[in-house]
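Structure at a glance
Residues per chain are reported as follows:
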Amino acid sequence: MADTILSVRDLSTRFFTEEGQVNAVENVSFDVEDGEIFGIVGESGSGKSVTALSVIDLIESPGRVTQGEIWYRNADLAEEFRGSKPEAVDGDLVDIRRLPKGVRRSLRGPSFSMVFQDPMSSFNPSITVGEQIAEAVEVQRRARSNPRSTRSRTQGYGLGSLLVDSLLPSKSYVDDESMDRAVELLDQVGIPDPEDRADEYPHQFSGGMLQRAMIAQALAGEPDILIADEPTTALDVTIQAQILNLLRDLQEQEGMSILMITHDLGVIARMCDRVGVMYAGEVVERGPLADIFENPVHPYTQGLLGSIPDVDDPSGRLEPISGNVPSLLDSEMPDACYFADRCPKAMTDCLTRIPEYELDGRHSVRCVLAEQEYDPADAVDSADATDAADQEVSADD
Amino acid sequence: MISERTRRNLRRELRRSLLAKLGIVVVILMVAMAIFAPFISPYSPSQQNLDNARQPPLGFSTAETREVTQMENGSVVIEDGQVVTETQTVYTNATFAHPLGTDGNGRDILSRIIYGARTSILVGLFGTSLAALIGVLVGLSAGFYRGRVDDVLMRSADIMLAFPSLVLAIALVGVWGQAQAPIPDPFVATGIAPAFRSAVGLPTGMPETVVLPGTVIVVVALVNWVWFARVARGEALSIREEEYVKAAKALGASDGRTVLRHVLPNAITPILVLATIQVAAIILLESALSFLGFSGADVSWGFDIALGRQYQSTAWWISTMPGLAIVVTVIGLNLVGDWLRDALDPGIEGEGGV
Amino acid sequence: MSLSRFLIKRSLQGLFVIWGVITVVFGLRFISPGDPANVLLPPDVDPEVRAQVIAELGLNEPLYVQYWQFISGIPFGDLGLSLVTRTPVAARVVARLPATMELAIAATIVAVVIAIPLGVLSATRRHQPADYGATVFSLVGISTPNFWLGVMLILVLAVQLNLFPTSQRPIGLDGIAMLLAGGDVGAAVDGFVTWLWHITLPAITLGTYFTALITRLTRSGMLDQLGQTYVRASRAKGLPETLVRYKHALRNTLIPVITVIGLQLGTLIGGAVITEAVFAWPGLGTLIINSINARDWPVLQGSLIIVAVGFVLVNILVDALYAYVNPQVAYD
Ligand SMILES: Nc1ncnc2c1ncn2[C@@H]1O[C@H](COP(=O)(O)OP(=O)(O)O)[C@@H](O)[C@H]1O
Ligand code: SF4
Ligand SMILES: [Mg+2]
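Keep in mind it's a predicted model, so treat the numbers as computed, not measured.

Topic: the overall build of chain B
- Along its length, chain B carries 13 helices and eight strands.
- Its C-alpha radius of gyration of 26 Å places chain B more than 25% over the 20 Å reference for a compact globule of 354 residues.
- Counting only C-alpha atoms and orienting by the principal axes, one finds that chain B spans roughly 105 × 45 × 40 Å.
- Of the contacts made within chain B by residues no fewer than 6 positions apart, 80% connect residues no fewer than 24 positions apart.
- For chain B, the exposed surface amounts to about 16,200 Å²; the carbon and sulfur share of it is 59%.
- Each charge class in chain B was averaged separately, 26 positive and 29 negative side chains, and the resulting centres sit 16 Å apart.

Listed below in structure tokens is the structure:
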């Protein structure tokens, strides 16, 4: 078995909004191994993006990662902090949540990078695509030439450059060398005429080309883990396949790991080695692709798979089970399995919080069916399984 | 005209925002003060008392020093060949009779502020209504007919916008003169206010007329209609493409009817938001004109600020108090405007401020 | 469309607006009660003298002739003669321009230098004391009439504390430039200090509304930009926070702020008129007010034309700048 590059344990992320506390991610655990593609799949609103942003430390106010550990394998960091922060180090692994803020920021680029869903809004509209990619290269170039400044807030970007940059479309931060590298990267992701396209603005690109450019930007720091959050959702069907192939090829060339987030089981089937299924902020089932697809235990996973007749049919979408995804508002979450109100197999034993059960060391599931057979005598009506607050939510929508 | 959803948004935003509540309270208080001026004003705004001029507001007193030649037995004292003088200090204390003090002619500042609110609010309301009327007519026609009509109307709007509004207003009032229309104050004319005042023991003799500054109202409307025209045109342009408007036209409804029945009701929200901001802008414009002495008003916050300037070294409050009244009113209106904007989100811009 | 074609198109539009402005100003003559001869002559003047003056002023010519006389001289800088002093209006207006421009530019500088950092601070420290302070400041700032602010500043800083003069303009930048040209550096430095000392209160007075307005715009624009996905993407690729905020978010915030500053220049000039009145600042504003009080219509008309034309030109400039900093504008 390959080594684990990323190991997330009991991660919870909450948003403290005016409407109340939103438990967007709840006790999530999963591992990503060296050189694999790990998939996270779930309906929209199930907490996939928030999970990804928590890993890369980009949760913004009013949100906060409230608990959990994110272990990342990096021998250099482990060495550096073994003395000063022994609790954050375990062998070659470091818990990045316990590292100082500047260090966490310096991991973005060379350790983690991210491809977002909508390429058009993920580029600054008033700076050329080439310069934006070159910035990502430049950050790493400066980091190598002056490791100490990497963790500072400014990285030597002073008031003068700030004033110039705010008013003139100049390239004061990036170096020519970085621009050249940006063109190489554009070439690598299959953009024709990379020299010319580098000087164009995002609105001059097509969606597919811009998504390639964003992948190029994500590769600039030669990351260990590339997080792709619905990288094909905003694109035409024909282009989706091209982008997925590109990601696959790049993953093999660069030997990196990919955390692939999608609501499309077809994408999972085609790309991933292992997969985690998310529902209402929790990972309800995870394991190798074959286990999940052939022996799903959680009724939610079964429902998802039931909606695609053929695993090899990549067009399968998730709209399987009747009912609504819960709001994730803390005050409205039942003290029961979150799926109980939609579950065809809900029993009295389900009316309590369900732990994660290990099935065979590689496959785990958050459902009582891991330990007991469905007993119709014990069944509860789906409507009874929810508390009053929950019903209000569905009535409101 | 105002949908249930709109009302719900308004209520929700109001519950959320303390500032919105504050704004509404301030605006209501100011309007009430203007309407009920003859009941609540302690004195007539024009009642002078030269013996009691420049009395400071509550919490303050003034000490004025004077050089007085020293006298002894009816003749000046001379020492070393010099006339001996002594310094005398004259104290003036605040009284509850004039809580905000008195001006250079001994008129009660609080009373002048209460009556000044009438001028500001009259000009604000009538000026904005007239501006909205002109602007909405022009804007709706431009947006509804498009083409030639639109070009002509909007180019004339561009020409209006080339003049800074205050400059144009000064020029228009300056050239035009200052027509004012005194209209009888209903509370005084019917005898209600005098009866009330004598009953509670307040001095009577309140002004019998409210002065409607006609030229100023017309001028501020002429200067500010363009903002309404722009908003109304934008709304008309988008609404005319809606199916129901096309259907009404296809069914042979007259243009006027289509605009009144279908286009105007949909444009009303952004126009309302703009109007709130414009009342504030027009109150500021009126006070500027009065400050410069061009409005002809003699009971107006701006005018009183100008009057107080000649006492700036001895009686700071004469200029200060009416200015505070303007600031508070305009803050209130801006808060209400922000509330409407946040709740209704019409996405408009409009000039304000002097 | 290229930048040059865009500029040509905007200039043609500008010319049209300028023609409209001149025509409107010409029309002002017809709303004034009484004819200009009344201004010049005592009411009981001999009718013959009166007729002569009217003929001299061209007032008995047909309307189109008067219009042509009015408009034809303007391209050559002929704005007519003052009724009162009988001197060319253009010269008087031009003599007043530097004072007004100094004041407007000083106020803009005050506004931009204070407002943009304040707006950014407010947006990046959301819901912290700095943010509340900036929000209250901008609310009060946009609600305060500048003439009253000027009166208050004079009251406190000039009369009571004696820190600044109640203003007037003993020397202008044009005068300082002449001293420099004459080689008298010491006098020029003294002059500059005097100038600065006199312009401080007027510039604050005129600039406060704009400071408040730009603070508000910068804050909301910055909040809007910081919430965009591209900001998150910039952080995800490892950019330092200063770059994310200032190179990316701030620049996109400033692009619309520039347009608003352009749109508000009219308010700035309007504000300058009244600020000049408060501080006895000898600019176009005091000229306009004096010409109204003296019923000197040609001077009023000339000043209005200059103000409006200047405003149109500056707006074209702002549009060009906007097109230059914002690559997305297709110049349409
Ligand atoms: N900035 C935020 N503020 C409040 N709630 C948020 C925020 N971002 C995400 N959430 C909540 O977190 C939950 C999960 O969102 P997300 O991770 O984006 O779902 P997915 O990516 O699976 O579609 C949603 O219920 C959403 O309402
Ligand atoms: S725990 Fe019970 S309710 Fe939840 S998914 Fe499993 S069977 Fe269904
Ligand atoms: Mg998502």
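Next, the rest of the story.
Points about the pattern of salt bridges
- Applying the stated criterion across every chain, the model contains 38 salt bridges over all chains.
- For arginine 98 of chain A, the salt bridge identified is with aspartate 95 of chain A, shortest N-O distance 3.7 Å.
- We classify arginine 98 of chain A as partly exposed; its relative accessible area is 34%.
- A salt bridge links arginine 248 of chain A to glutamate 252 of chain A, with the shortest nitrogen-to-oxygen separation between them at 4.0 Å. Here the residue arginine 248 of chain A and the residue glutamate 252 of chain A both occupy positions in helix H10 (residues 237-254), the gap between them amounting to four residues, near one helical turn.
- Judged by its relative accessible area of 25%, arginine 248 of chain A falls in the partly exposed class.
- The exposure class assigned to glutamate 252 of chain A is exposed, which follows from its relative accessible area of 56%.
- Members of the salt-bridge network, linked through shared partners, are Glu60 of chain A together with Arg235, Glu241 and Arg245 of chain C.

Remarks on the interface of chain C and chain B
- Every contact between the two is made by 49 residues of chain C and, on the other side, 44 residues of chain B.
- Regarding the contact of chain C and chain B, the summed buried area is about 4,100 Å², with carbon and sulfur atoms giving 77% of it.
- Interface area lost by chain C to chain B is led by Ser143, Phe147 and Trp148 of chain C, which between them contribute 14%.
- Our count for the contact surface shared by chain C and chain B stands at one salt bridge.
- The partner of aspartate 338 of chain B in a salt bridge is arginine 216 of chain C, and the shortest N-O contact between them spans 2.5 Å.
- Counting across the chain C and chain B interface gives five residue pairs in polar contact (both at pLDDT 80 or more).
- Listed by contribution, the elements that provide at least two residues to the side of chain C that touches chain B are helix H1 (3-31), helix H6 (129-143), helix H7 (146-160), helix H9 (185-226), helix H12 (265-279), helix H13 (284-293) and helix H14 (297-325) of chain C.

What counts as what
- Residues numbered from 1 in each chain as written.
- Chains lettered and ligands numbered in written order.
- Predicted model: local features only at pLDDT ≥ 70, side-chain atom pairs only at ≥ 80, totals over all residues.
- Heavy atoms only, no water.
- Helix = DSSP H or I, 4+ residues; strand = E, 2+ residues; numbered from the N terminus.
- Rg over C-alpha atoms; globule rule 2.2 N^0.38 Å.
- Contact = heavy atoms within 4.5 Å.
- Areas by Shrake-Rupley, 256 points an atom, 1.4 Å probe, with all protein chains shown as cover.
- Lys, Arg positive; Asp, Glu negative; His and termini not counted.
- Charge placed at Lys NZ, Arg CZ, Asp CG, Glu CD.
- Salt bridge = Lys/Arg side-chain N within 4 Å of Asp/Glu carboxyl O.
- Buried < 20%, exposed > 50% of the residue type's maximum accessible area, 1.4 Å probe, protein only.
- Buried area = accessible area lost by both parts, 1.4 Å probe.
- Polar contact = N/O pair within 3.5 Å; in protein donor to acceptor, adjacent residues only side chain to side chain.

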